[in-house]
Amino acid sequence: MFCWLSRLCRGLSTPTRRTTQLIWSSASRSLVLSSQRRIPELSSFVARTNTCGELRSSHLGQEVTLCGWIQFRRQNIFLVLRDFHGLVQVVIPQDESAASVKKILCEAPMESVVQVSGTVISRPPGQKNPKMPTGEIEIKVKTAKLLNSCKKLPFEIKDFMKKTEALRLQYRYLDLRSVQMQYNLRLRSQMVMKMREYLCNLHGFVDVETPTLFKRTPGGAKEFVIPSREPGKFYSLPQSPQQFKQLLMVGGLDRYFQVARCYRDEGSRPDRHFHMLFRFQIDIEMSFVDQTGVQSLIEGLLQYSWPSDKDPVVVPFPSMPFAEALASYGTDKPDTRFGMKIVDISDMFRNTEVGFLQDALSKPQGTVKAICIRKGAKYFKRKDIESIRKFAADHFNEEVLPIFLKTNETWNSPVFIMEEQGLGLVKLLETQEEDVVLLTAGEHKKACSLMGKLRLECADLLEARGVVLRDPALFSFLWVVDFPLFLPKEENPQELESAHHPFTAPHPNDIHLLYTEPHKVRSQHYDLVLNGNEIGGGSIRIHNSEIQHYILATVLKVTSSSNLELKPYHIQVSWPTDAETEKSSSNHPCLSES
């Protein structure tokens, strides 16, 4: 499925009264047209009268013409015809007068494309198929035409046939015929159309498309470079249409959106392959709005466009501060479909004699964290525990202690657990027989991040053993808010850098801290998380020039020699006329020099 990414800024002008009337009168007409929209006609302008999947008992006696792929043939008496809408059974004529029709339908290889005409009849008693939407009827064929014969395929187009990812990608045109791929593509089309309807017709947004070739913009992800005809000059594919957004907002389009194509030259990750870097996102811009308004808009957008075959979206979505997400889930994109939350047990081990716990608690921000895996002793093997400990050591350079609760409520642990500590664990973690507690210690953020990773690793292990933790049919939306505005630089923790970007507005309640304790300032940045994946995000932009100047000059220490200029800048883009296209493009506004 594509990303929803809302990036917000405050504009400086409003449409005139006459423009407003034109916009809303147009929107009103669109609403009338939308309310009168009919069911789509799927067989208009083509050679068929119906699709294979739409025929029912109500069509009995009708003469129909169908086009599709041969899915299955049985004893040269029946065949199943498939198109994008479904399957239907076709009766192959057996009498001599229809020998030519029989020859075509019996000799055509599987996946050949045919056109058949005939009568919709009821299936004989006992032969109806309740598992098939068209299972009460069949087509008695009168004429048939072979449109295209199929050669032997590398795999059958059946959902139960297992195919490797490499084979599916090699024969993408065949994979696209599968029910799942057809569903995905049509679902995307329907959702985008509903989103356009919601934004344009119901809320007066303007759909704007911005250019694909542009200048290189410093910062953010790496960009793809496209050569031009001018030696030493090139275009860049925009990773996001940032400068165009600013032009449109300042230009007075106080609410617009686009289905934007974003190109990012990034390495592949387990959840993002190379072809996914050419991604689409719904890019929404609004002026004169606050964070609550944006969140309500996105919730309404999702609720309106949500597929009808899924459980309806319930709004408003729950909200969680960034600090709570990190402390309880170890990440800023928590999967809230299951528990196994991180618990701080530092107070319980203040007087511990365990060396690495003592060392951690003696340092600033030092904590002891734990998660409880229900029935972990039943499902985890020794190699699983060793793998978890090795993961912590290799990726975080931290120690993880596994503690097992025995049947007599005693603890089996690599280190000594005092009785009062054991009782405290039982009370705080609500542990039960055969539970496993994973414990680590270190700096707060690092310890939480480690436990957050282990939480997901343990969930994977449990589900591999048959335990159902994350319901794939459940869609758990969550707003993560109150991110820090600044973070310490990795190379120099005494200096600060923007957590999101330098134009993100500070939280209204924290503006006074900007001048005294900037590291404590929260931002008006928000992310929308679904089942542990960030599917969208955005921020309110700074519209006060004094605050913007202070953040750049004083907090971030951006100097006049830096890439980011302090003074206001002006962007002018002029597209060449037909007469100018013959001239040299050396001054083209979208070209960059290498």
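On a predicted model such as this, the values are computed, not experimentally measured, just so you know.

A. Molecular detail of the packing of helix H5 (residues 179-203) against helix H7 (residues 291-305). Close contact between H5 and H7 brings their axes to 9 Å; oriented N to C, the two are set at 130°. Relative to H7, the element H5 lies oblique. Remark: the crossing between H5 and H7 carries right-handed chirality. Between H5, through Met191, Lys194, Met195, Glu197, Tyr198, Leu199 and Leu202, and H7, the contact on the second element is made entirely by Leu297, Gly300, Leu301, Leu302, Tyr304 and Ser305. Broken down by class, the residue content of the contact of H5 with H7 amounts to nine nonpolar, two polar and two charged.

B. Layout of the nonpolar core. One finds Leu199, Ile284, Ile298, Phe477, Phe486, Leu528 and Ile551 to be the most contacted residues of the largest nonpolar core, which totals 41 residues. Apart from the residues within four sequence positions on either side, Phe486 is in contact with Leu496, Glu497, Ser498, Ala499, Leu514, Pro518, Val521, Ile551, Val555 and Leu556. Listed in part, the 22 residues of the second largest apolar core include Cys52, Leu105, Val120 and Val141.

C. Structural detail: the sheet that holds strand S5 (residues 113-122). Read around the barrel, five strands follow the order S2-S3-S4-S6-S5 and close on themselves; strand pairing throughout is mixed. Each strand axis lies, on average, 55° off the axis of its neighbour in the sheet, ignoring direction. Here strand S2 (residues 63-74) runs beside strand S3 (residues 78-83); their pairing, made up of five bridges, is antiparallel. In the strand pairing of S3, Ile70 is matched with Leu81. Helix-sheet contacts for helix H2 (residues 99-107) involve S2, S3, S5 and strand S6 (137-148), and the interaxial angle to S6 is about 75°.

D. Layout of the confidence of the model for the protein chain. Per-residue pLDDT for the protein chain has a mean of 84; in total, 83% of the residues score no lower than 70. In the model, residues 1-36 has pLDDT below 50 throughout and makes 82 contacts with residues more than four positions away in sequence or in other chains. The low-confidence segment residues 561-587, where pLDDT is below 50, has 28 contacts with residues more than four positions distant or belonging to other chains.

E. The environment of Glu398, seen in detail. On the secondary structure map, Glu398 appears in the loop between helix H11 (382-396) and strand S15 (400-405). Glu398 gets classed as buried once you look at its relative accessible area, which sits at 14%. Measuring from C-alpha to C-alpha, the distance between Glu398 and Lys446 comes to 9.1 Å, with 48 residues separating the pair along the chain. Among residues more than four places away in sequence, those in contact with Glu398 are Ala392, Ala393, Thr440, Ala441, Gly442, Lys446 and Leu450.

F. Layout of the side chain of Glu223. Among the structural elements, Glu223 can be located in the loop between strand S7 (206-207) and strand S8 (225-227). Residue contacts for Glu223: discarding those within four places in its chain leaves Arg216, Thr217, Ser236, Leu237, Gln239 and Asp265.

G. Representation of the pairing of S15. Counted residue by residue, S15 has five buried out of six residues, so it is predominantly covered. Bridge count between S15 and strand S17 (residues 436-443): five bridges; the pairing is antiparallel. Note that in S17 the partner of Val400 across the bridge is Thr440.

H. Region of the structure containing the sheet that holds strand S18 (residues 477-481). The strand order across the open sheet built from four strands is S12-S18-S21-S22, with neighbouring strands paired in mixed fashion. Each of the sheet's edge strands pairs with one partner strand only, and the pair in question is strand S12 (319-321) and strand S22 (533-539). Each neighbouring strand pair of the sheet contributes to a mean axis angle of 25°, computed without reference to strand direction. The pairing of S18 with strand S21 (residues 525-530) spans four bridges and is antiparallel. Along S21, the bridge assignment pairs Phe477 with Leu530. Across the sheet, helix H8 (residues 322-329) is in contact with S12 and S18; its angle to S12 comes to roughly 85°.

Parameters and conventions
- Starting afresh in each chain, residues are numbered from 1 along the sequence in its written order.
- This being a predicted model, a pLDDT of at least 70 is required before a residue's local features are given, and a value of 80 or more before pairs of side-chain atoms are given or counted; all residues contribute to the totals for chains, interfaces and linings.
- Think of the side-chain values as coming from all heavy atoms in the structure, minus any hydrogens and water.
- The axes are straight lines fitted to the C-alpha atoms, using for helices just the contacting stretch, and the angles between their N-to-C directions are given from 0 to 180°.
- Secondary structure elements are defined from DSSP: runs of H or I of at least 4 residues count as helices, runs of E of at least 2 residues count as strands, and each element is numbered from the N terminus.
- For classification purposes, angles smaller than 35 degrees are called roughly parallel, those larger than 145 roughly antiparallel, those between 65 and 115 roughly perpendicular, and all remaining angles oblique.
- When the near helix sits turned anticlockwise from the far one by under a right angle, the crossing is termed left-handed; a clockwise turn instead gives a right-handed crossing.
- Any two residues having at least one pair of non-hydrogen atoms within 4.5 Å are treated as being in contact.
- Any residue that is not Ala, Val, Leu, Ile, Met, Phe, Trp, Tyr, Cys, Pro, Asp, Glu, Lys or Arg is counted as polar, Gly included; the first ten are nonpolar and the last four charged.
- What is meant by a nonpolar core is a set of buried Ala, Val, Leu, Ile, Met, Phe, Trp, Tyr and Cys residues, joined one to another through side-chain atoms within 4.5 Å.
- Exposure categories follow from relative accessible area, calculated using a 1.4 Å probe and restricted to protein chains: below 20% of the type maximum is buried, above 50% is exposed, and the middle band is partly exposed.
- Note on pairing: DSSP must find at least two bridges between two strands before they are called paired.
- Every residue is assigned a pLDDT by the predictor, reflecting its confidence on a scale from 0 to 100.

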